[in-house]
Amino acid sequence: TIGKKMMENPNNLYSYKNLVGIPALEMIDDVASVEKCGVKSLVTNSNINSYIETKKLTLNDKKCKQIHIGHKNNMCPELKVHGKTIEKTDKEKYLGDQITNMCSNKVNIVARKNKGIGLISQIITLLDEICMGGKFYFKAAMGLRESQLINGILINSEVWYNVNENDLRELEEVDEAFLRKILKAHSKTPIESLYLELGCIPFRYIIMARRLNYLHYLVKLNNDELLSKFFKAQHEFPTKNDWILTAMENLKHLGMNSNIDEIKMKSKLQFKKEVKRHIRIASFKYLQNSLNQN
């Protein structure tokens, strides 16, 4: 409700690309707000405090953090919560991901990689404790890879910005370690052979599939929704490293020559099946080419 209240006055909103007004965002008991340094950030800070106090609620001052995005400047004021100064930090976890002052993926990638190493140990232990025949062992392993490892590491990956080759390789190294353990393969065994033997898709293509399915979700949103307006601003006025540019590059890479209007015409199931088919073809070609090059 705090977001709706702020929407009543355009001056209380952060202007994204000078097109979309972004209010304070609420998720259950969390509040996140973005604003330019200076007077506007002080006004937004005051509005949030006033609203919370009006509802006879209290913000936990120990959990409130202030992050200055980008290069430091003298226009970044101290913000307060119920009269206490908010602690400044370079990074903070919000809804499963780390928000950093330089907008880097490095912290998130390292965190997910460490989480994946722990998940591998849990999965291997579980497989060793349960007595199964040969083919059932691998079926169970692939099921746990899907439900535990992939979903554990790649949560929220569909909305990540500016994921580069180094980021993808770091994540895939975890998956590759798991496949080697499952097949008890020698360290010199080509990783492409492990993927092809088990019929697995590399993480880079799983992220790609999730991103494109999320693209379909975005184009189907009601035009009045804030997320839809945000997406359209990116689509109509893209800038370097915008999410929409990555999504469109993925469509081109997969040979899916569909524009936004064509995607909107397709049902969720129809588009998902199309993405899945192109992902399997593209990932197979990728693994074959990698194997030939090595």
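Definitions and cut-offs
Residues numbered from 1 in each chain as written. Predicted model: local features only at pLDDT ≥ 70, side-chain atom pairs only at ≥ 80, totals over all residues. Heavy atoms only, no water. Helix = DSSP H or I, 4+ residues; strand = E, 2+ residues; numbered from the N terminus. Contact = heavy atoms within 4.5 Å. Core = buried A, V, L, I, M, F, W, Y, C linked by side-chain atoms within 4.5 Å. Buried < 20%, exposed > 50% of the residue type's maximum accessible area, 1.4 Å probe, protein only. Salt bridge = Lys/Arg side-chain N within 4 Å of Asp/Glu carboxyl O. Axes fitted to C-alpha atoms, helices over the stretch in contact; angles between N-to-C directions. Parallel < 35°, antiparallel > 145°, perpendicular 65-115°, else oblique. Left-handed = near helix turned anticlockwise from the far one by under 90°. Nonpolar A, V, L, I, M, F, W, Y, C, P; charged D, E, K, R; others polar. Expected span 1.5 Å × (residues − 1). Polar contact = N/O pair within 3.5 Å; in protein donor to acceptor, adjacent residues only side chain to side chain.

Participant: What is the right way to read the side chain of Glu274 from this model?
Facilitator: Among the secondary structure elements, Glu274 is positioned in helix α11 (residues 268-293). Those residues in contact with Glu274 that lie beyond four places of it in its chain are Met256, Ser258 and Lys266.

Participant: How do you make sense of the nonpolar core when you look at a structure like this?
Facilitator: As a rule of thumb, nonpolar side chains are buried together in soluble globular proteins. Counting 52 residues, the largest nonpolar core has Phe178 and Leu215 as the members making the most contacts within it. Broken down by secondary-structure element, the contributors of at least two residues to this core are α3 (106-129), α4 (134-153), α5 (165-183), α6 (191-198), α7 (203-219), α9 (243-254), α10 (260-265) and α11. No other element matches the 10 residues that α7 contributes to this core. Leave out the neighbours within four places in its chain, and Leu215 touches Phe231, Trp243, Ile244, Ala247, Leu251, Ile260 and Ile263. Of all hydrophobic cores here, the second largest spans 12 residues; its members include Ala24, Ile52, Cys64 and Val81.

Participant: Help me understand the pattern of salt bridges in this model?
Facilitator: Pairing is possible between side chains that carry opposite charge, provided their charged atoms lie close to one another. This model, assessed by the stated rule, comprises 14 salt bridges. In this structure, Lys106 engages Glu170 in a salt bridge whose closest nitrogen and oxygen atoms are separated by 2.7 Å. Of the two residues, Lys106 sits in helix α3 while Glu170 sits in helix α5, which places them 64 residues apart along the sequence. With its nearest N and O atoms 2.9 Å apart, the salt bridge here joins Glu165 to Arg204. Of this pair, Glu165 sits in helix α5 while Arg204 sits in helix α7, and the two are 39 residues apart along the sequence. On the basis of relative accessibility, which here comes to 12%, the residue Arg204 falls in the buried class. What you see here is one network of salt bridges that share partners, running through Glu165, Arg169, Glu172, Glu176 and Arg204.

Participant: Mind showing me how you'd approach the packing of α4 against α5 here?
Facilitator: Geometry of a packed helix pair, given as the angle between the helix axes and the separation of the axes. Contact geometry of α4 with α5 gives a least axis separation of 12 Å together with a crossing angle of 160°. Classified by the angle their axes make, α4 and α5 are roughly antiparallel. The interaxial crossing formed by α4 with α5 has right-handed handedness. Contact residues: α4 offers Tyr137, Phe138, Ala141, Met142, Arg145, Leu149 and Ile153, while α5 offers Leu171, Val174, Asp175, Phe178, Leu179, Ile182 and Leu183. Along the lines of polarity and charge, the residues of the contact of α4 with α5 split into 12 nonpolar, no polar and two charged.

Participant: Explain α5 to me, please; I cannot follow it from the model alone.
Facilitator: Taking 1.5 Å of rise per residue, the 19 residues of α5 would be expected to cover 27 Å, and the 26 Å separating its terminal C-alpha atoms lies within 8% of that figure. Among the residues of α5, Asp167, Leu168, Glu170, Leu171, Glu172, Val174, Asp175, Glu176, Phe178, Leu179 and Ile182 are the ones counted as buried. Buried residues in α5 make contact with α3, α4, α6 and α7. Its side-chain oxygen 3.1 Å from the backbone nitrogen of Asn166, Asn164 forms the N-cap of α5. Lys184, located one to two residues past α5, shows a positive phi value of around 50°.

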